[in-house]
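Chain residues, written in single-letter form:
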Amino acid sequence: MIQLKNLLGAFGRTLLLAALLSGSFVFAAQAEEEVGPAFAPPVTKTVVPEIGPGMGLGGRMVVVLDPGHGKTEGHYSGCRFEYEGVTYYEDLITMKIAGYTKAYLEQHTDYRVYLTKDSAEVTVPLDQRAAFAASVQADLFVSQHVDSIPGNGTERNAYGVSSMSPAVGRYNNEIACQSQEAANTILRQLNALGLHNRGLLLKDSQNGTLYPDGSTADYYAIPRYSQMYGIRGFIIEHGYLNHTSDLTSFLSTEEHYRALGEADAKGIIEYLEKAGKAPRLITEQTGPKPGMS
Ligand SMILES: [Zn+2]
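Bear in mind the structure is a predicted one, so any value in this text is a computation, not a measurement.

### Description of the overall build of the protein chain
Part 1 of the reasoning: Helix and strand content of the protein chain: eight helices and 10 strands.
Part 2 of the reasoning: Taking all 293 residues of the protein chain together, the buried fraction comes to 55%.
Part 3 of the reasoning: Expressed as a percentage of contacts within the protein chain between residues at least 6 apart in sequence, the contacts between residues at least 24 apart total 78%.
Part 4 of the reasoning: Accessible surface for the protein chain amounts to roughly 12200 Å². Of this, 52% is attributable to carbon and sulfur atoms.

This is how it looks when you write it as structure tokens:
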């Protein structure tokens, strides 16, 4: 974790430069979900026999939770919304949700659970978050966010939970299929709380970025890097901060954050108990090269 923080300054500047150059830097509040250096580096794959539930190398499941955003140059970088005199920050909410997910998993399972960062006061570049998940051989990598839409979410009728997941039928297809199933399992748990389920949000690269096999890359950074590293990974959006109903019913109290975090944990357990450990891809870990495109 300390190493990640030390990398922040230089990588953060590179990230911003890459974002500006990519032409997809539209809304600041959404930027972290969408942009970043084009790729983690290609991995050299060696197929290892698949490991069944509760068996094999090490045995324990590994879950990496990624609390979205964090303070950058003195400002929270996620979305925010002021309602009845209170300002709600995505950066603070995602940290709380991740904390409750971790606590629930540690209480109810023997999984190894890691967070990509431990405070809303810092951020970590997206490629480094994914690199960390790959380095601990995550069986599931879940990036936890809260949504918003430019303008007023209530007036624009934008509400509910969704997941930015990798598209299937191309690079690392098996991993993409598993990521989608895991994401849908978590979304069903959130839906059971009463949140509308918007489903999977799949989006292709808007600037022609390709995976190493020549197939179109995913647009959102977390699923794209996850595909590159061969790990199950995606973003979960926990409702709209600027939709009054989502905010007051699901996103404004400590009990709300606990419910969201525990719903994520239940979805993670439900998926991993069924799917088992991820197929292991032995990789040459050369580390991502921010700015490479
Ligand atoms: Zn976000």
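Here the narrative resumes.
### Section: the side chain of Thr101
Part 1 of the reasoning: Following the sequence through the fold, Thr101 ends up in helix H3 (residues 90-108).
Part 2 of the reasoning: Contacts of Thr101, omitting those with residues within four sequence positions, involve Leu65, Gln144, Gly261, Asp264, Ala265 and Ile268.

### A word on the confidence of the model for the protein chain
Part 1 of the reasoning: Per-residue pLDDT for the protein chain has a mean of 82; in total, 76% of the residues score no lower than 70.
Part 2 of the reasoning: Across residues 41-57 the pLDDT falls below 50, and counting only partners more than four positions away or on other chains, this stretch makes 34 contacts in the model.
Part 3 of the reasoning: Within the model, the stretch residues 283-293 combines pLDDT values under 50 with 29 contacts to residues more than four positions away or in other chains.

### With respect to the packing of helix H4 (residues 126-135) against helix H6 (residues 221-229)
The description of two packed helices rests on the angle between their axes and on the distance between the axes.
Part 1 of the reasoning: Between H4 and H6, the least distance of the axes is 9 Å, while the angle of their chain directions is 40 degrees. Comparing the axis directions of H4 and H6 gives the class oblique. For the element pair H4 and H6, the recorded crossing hand is right-handed. Side by side, H4 and H6 meet where Leu126, Asp127, Ala130, Ala131 and Ala134 of the first sit next to Ala221, Ile222, Tyr225 and Tyr229 of the second.
Part 2 of the reasoning: The residue makeup of the contact of H4 with H6, split by class, is eight nonpolar, no polar and one charged.

### Focus on the packing of aromatic side chains
Part 1 of the reasoning: Tallied over the entire structure, the rule returns four aromatic pairs.
Part 2 of the reasoning: Arranged with centres 5.8 Å apart and planes meeting at 85 degrees, the rings of Tyr114 and Phe132 form a pair that is edge-to-face. Of this pair, Tyr114 sits in strand E6 (residues 112-115) while Phe132 sits in helix H4, and the two are 18 residues apart along the sequence.
Part 3 of the reasoning: Overall, Tyr114 belongs to the partly exposed group, its relative accessible area being 23%.
Part 4 of the reasoning: Here Arg224 stacks its cationic end above the ring of Tyr225, 5.3 Å away from the centre of that ring.

### Looking at the sheet that holds strand E8 (residues 161-164)
Part 1 of the reasoning: Across the sheet, which stays open at both edges, the six strands sit in the order E6-E1-E7-E10-E8-E9 with mixed pairing between neighbours. Of all strands in the sheet, those bounded by a partner on one side alone are E6 and strand E9 (197-201). Strand-to-strand twist in this sheet, taken as the mean axis angle between neighbours without regard to direction, amounts to 20 degrees.
Part 2 of the reasoning: Strand direction decides the pairing type here: strand E7 (residues 140-147) and strand E10 (residues 233-240), joined by six bridges, are parallel. When the bridges of E10 are listed, Val142 appears paired with Phe234.
Part 3 of the reasoning: Across the sheet, helix H5 (residues 173-192) is in contact with E7, E8, E9 and E10; its angle to E10 comes to roughly 20 degrees.
Part 4 of the reasoning: Against the sheet, helix H8 (residues 254-275) makes contact with strand E1 (62-67), E7 and E10, and its axis sits at roughly 150 degrees relative to E7, the strand it touches most.

### Digging into the pattern of salt bridges
Part 1 of the reasoning: One pass over the full model with this rule turns up 10 salt bridges.
Part 2 of the reasoning: We note a salt bridge from Asp218 to Arg170, for which the minimum N-O separation is 3.0 Å. Placement of Asp218 in the loop between E9 and H6 and of Arg170 in the loop between E8 and H5 is noted, with a sequence separation of 48 residues between them.
Part 3 of the reasoning: Look at Asp218 and you get buried, because its relative accessible area is 2%.
Part 4 of the reasoning: Classification of Arg170 by relative accessible area gives buried; the value is 17%.
Part 5 of the reasoning: A salt bridge links Glu181 to Lys274; the nearest nitrogen and oxygen atoms lie 2.8 Å apart. Here Lys274 lies in helix H8 and Glu181 lies in helix H5, a separation of 93 residues in the sequence.

### Let's talk about the pairing of E7
Part 1 of the reasoning: Burial within E7 is extensive, with eight of its eight residues counted as buried.
Part 2 of the reasoning: Alternating positions in E7 separate into two faces, Leu140, Val142, Gln144 and Val146 on one and Phe141, Ser143, His145 and Asp147 on the other, with burial throughout.
Part 3 of the reasoning: Taken together, the five bridges between E1 and E7 define a ladder with parallel strand orientation. The residue of E7 that forms the bridge with Leu65 is Val142.

Parameters and conventions
- Within each chain, residues carry numbers counting from 1 in the order of the written sequence.
- Selection of residues for local features in this predicted model requires a pLDDT of at least 70, selection of side-chain atom pairs for listing and counting requires 80 or more, and totals for whole chains, interfaces and linings are taken over all residues.
- By convention in this description, side-chain values take in all heavy atoms of the structure and omit both hydrogens and water.
- Working definition: helices are DSSP H or I runs of at least four residues, strands are E runs of at least two. Numbering for both runs from the N terminus.
- The classification of residues rests on relative accessible area computed with a 1.4 Å probe and restricted to protein chains. Under 20% of the type maximum is buried, over 50% is exposed, and intermediate values are partly exposed.
- Throughout, a residue-residue contact means that at least one pair of heavy atoms, one from each residue, lies within 4.5 Å.
- Note on areas: these come from Shrake-Rupley sampling with a 1.4 Å probe, and a residue is covered only by the protein chains present in the view.
- Note: pLDDT gives the predictor's confidence per residue, expressed from 0 to 100.
- In this analysis an axis means a line fitted to C-alpha atoms, helices contributing only their contacting stretch, and an angle means the value between N-to-C directions, from 0 to 180 degrees.
- Between 65 and 115 degrees an angle is taken as roughly perpendicular, under 35 as roughly parallel, over 145 as roughly antiparallel, and anywhere else as oblique.
- Note on convention: near helix rotated counterclockwise from far helix by under a right angle means a left-handed crossing. Clockwise means right-handed.
- Under the scheme applied, nonpolar residues are Ala, Val, Leu, Ile, Met, Phe, Trp, Tyr, Cys and Pro; charged residues are Asp, Glu, Lys and Arg; polar residues are all the others, including Gly.
- Side-chain rings of Phe, Tyr and Trp (the six-membered ring for Trp) are treated as a pair once their centres are within 6.5 Å; stacked means planes under 30 degrees apart, edge-to-face means over 60, and tilted covers the remaining angles.
- Either the NZ atom of lysine or the CZ atom of arginine qualifies as a charge over a ring when it sits within 6 Å of the ring centre and within 35 degrees of the ring normal.
- Any two strands with at least two DSSP-identified bridges between them are counted as paired.
- By salt bridge we mean one thing: a side-chain nitrogen of Lys or Arg within 4 Å of a carboxyl oxygen of Asp or Glu.

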